[in-house]
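# Coordinate inspection notes
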Amino acid sequence: MNAVHLLHHEHAVTTLCRVLNVNRSSYYKHFNSEESKRTIENRRIKTCILQIYSEAKCRYGAVKIRKVLEVNYGIHISQGRVYRLMKQMQLPKMSSIKPKFIHANQSDDMSYRNILKQNFNPKERNKAWCSDITYIKVGSRFCYLCVIIDLFSRRVIAYKISRRIDTGLVLDTFESALKKRNYPQNVIFHSDRGSQYTSDEFRKRLDRAAFIQSFSKKGHPYDNAVAEAFFKFLKLEETDRRSYHSIEDLELSIFDYIHFYNFKRPHSANNLLSPAQFELLYCFSIFLSTFLNMVQFFGIPSSSAAFLIPVSFASFIACNLNFSSYCLPVPIYDTLLLFYFTLIVCFVSCFIVTYHLGIDVWFEKENLHSISSDGELMLSILASFAQ
């Protein structure tokens, strides 16, 4: 066809097509037709895919890119189409081989009981944590990374890096996790049977914190699959791509990846939401449930409640504005004051709206002045809800 196009100024197109055995309609369609809508749309989607792939530092495959396209760009296409477009752009996919382990057939020791029993999906935060240690080469020696993960959202609560693999590494990580999660109690703490986790010093610290310790079976890493999977993707997506010359380089790299993992990386266990997004959704569900209970308790009219539900949602998002932009200065579990402040704002807003609409449901009109002049009653009611 290119030969026909080059010679069409010297000879008739009909003659050239007949001599070169080219269908004349195919020639005109090839050089004169406009691009199809599908081709234009594919070009636009490819631009978005390339941007997502670049921002994620080549860590996403077709599944996660499809989810990001849907959430961030409003593009709803199939996973197969994303895969075909990535293949056309020659973007390598992130694939890994499932490891095979030989299980050790050893008798169970009752002092190392498996309390978790592979129940990796608790219904609330701070019900079950898991922990593990891995090694990463820095220069000519190894450094050791210890992480603690909340199984509810798969969020990395705390991590520490050390040149020594000892009990102190695990204790420092555990203390950091306790501080960030406001010292919860009755939490299952699962790990393997490494000497750092079975040491008397660490087990006594767990007892003082009112934690319940759980251990994997010997030679059975599937019992701690969440921590093992995190290290697998950490090495696949970050550390195996780089070489580190100092522990400072490693700390910066691990900080960057864990921030990406917690706040941006879609997780299959969270319906392809990031751990931070999943926790935000959980906190808002609690907020909405508490707000509706307050509506029912105070007898707020359904019309006012329906008007204030979007107001309450906007107030909640405003209180966690930095969270939605992945730059939250303090963890979401340390924002309970903002949580209750939002409830108070919604309650007061509902009171004002109801009063101005002339709907007198909460209190009798003759008592409104005395209640507004004496705020102790209002504060006591709100304090009871906060407790």
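Above this text is the structure in question.
Because the structure is a prediction, the values reported are computed rather than measured. (Residues numbered from 1 in each chain as written. Predicted model: local features only at pLDDT ≥ 70, side-chain atom pairs only at ≥ 80, totals over all residues. Heavy atoms only, no water.)

Three or more residues of helix 5 (residues 62-72) are buried, namely A62, K64, I65, K67, V68 and L69. In the core, the buried residues of helix 5 are packed alongside helix 4 (37-55) and helix 6 (79-88). Looking one or two places after helix 5, you find G74, whose phi comes out positive at around 65 degrees. (Buried < 20%, exposed > 50% of the residue type's maximum accessible area, 1.4 Å probe, protein only. Helix = DSSP H or I, 4+ residues; strand = E, 2+ residues; numbered from the N terminus. Contact = heavy atoms within 4.5 Å.)

For helix 9 (residues 200-208), the complete set of buried residues consists of F202, R205 and L206. On an axial view of helix 9, the arc spanned by its buried residues comes to 100 degrees, and they lie on one face. In helix 9, the exposed positions angled more than 90 degrees off the buried face are occupied by D200, E201, K204, D207 and R208. On the buried face of helix 9, the contacting elements are helix 7 (167-180), strand 4 (188-191), helix 8 (195-198) and strand 5 (212-215). (Arc of directions from axis to C-beta.)

For the rest of this paragraph, the subject is the sheet that holds strand 4. Reading across the sheet, the 5 strands line up as 3-2-1-4-5 and stay open at both edges, with mixed pairing between neighbours. On the outer flanks of this sheet lie strand 3 (155-162) and strand 5, each paired with one strand and no other. Adjacent strand axes in the sheet meet at a mean angle of 25 degrees when their direction is disregarded. In this structure, strand 1 (residues 128-138) lies alongside strand 4, joined through 3 bridges in parallel fashion. If you follow A128 over to strand 4, its bridge partner there is I188. Packing against the sheet, helix 10 (residues 225-237) makes contact with strand 1, strand 2 (141-150) and strand 3, and its axis sits at approximately 30 degrees to strand 1. (Pairing = 2+ DSSP bridges. Axes fitted to C-alpha atoms, helices over the stretch in contact; angles between N-to-C directions.)

On to the nonpolar core, then. In this structure, I49, I65, L69 and F230 are the most contacted members of the largest nonpolar core, which totals 44 residues. Counting residues per element, the ones that place at least two in this core are helix 4, helix 5, helix 6, strand 1, strand 2, strand 3, helix 10 and helix 11 (247-263). Top contributing element to this core by residue count: helix 11, with 7 residues. When sequence neighbours within four positions are dropped, the list of residues in contact with F230 reads V147, I149, V156, Y257, I258 and Y261. In terms of nonpolar packing, the next biggest core, distinct from the first, is built from 21 residues, W129, I148, A177 and L206 among them. (Core = buried A, V, L, I, M, F, W, Y, C linked by side-chain atoms within 4.5 Å.)

What you see with strand 4 is no split at all: I188 and H190 on one side and F189 and S191 on the other are buried throughout. Pairing between strand 4 and strand 5: 4 bridges, direction parallel. By the bridge assignment, F189 is partnered in strand 5 with Q213.

What follows deals with the side chain of D150. Considering the arrangement of structural elements, one finds D150 in strand 2. With a relative accessible area of 0%, D150 lands in the buried category. Among the polar contacts made by the side chain of D150, one reaches the side chain of R181 at a distance of 2.6 Å. Dropping the residues within four chain positions of it, D150 is found in contact with R125, N126, A128, W129, R155, I157 and R181. (Polar contact = N/O pair within 3.5 Å; in protein donor to acceptor, adjacent residues only side chain to side chain.)

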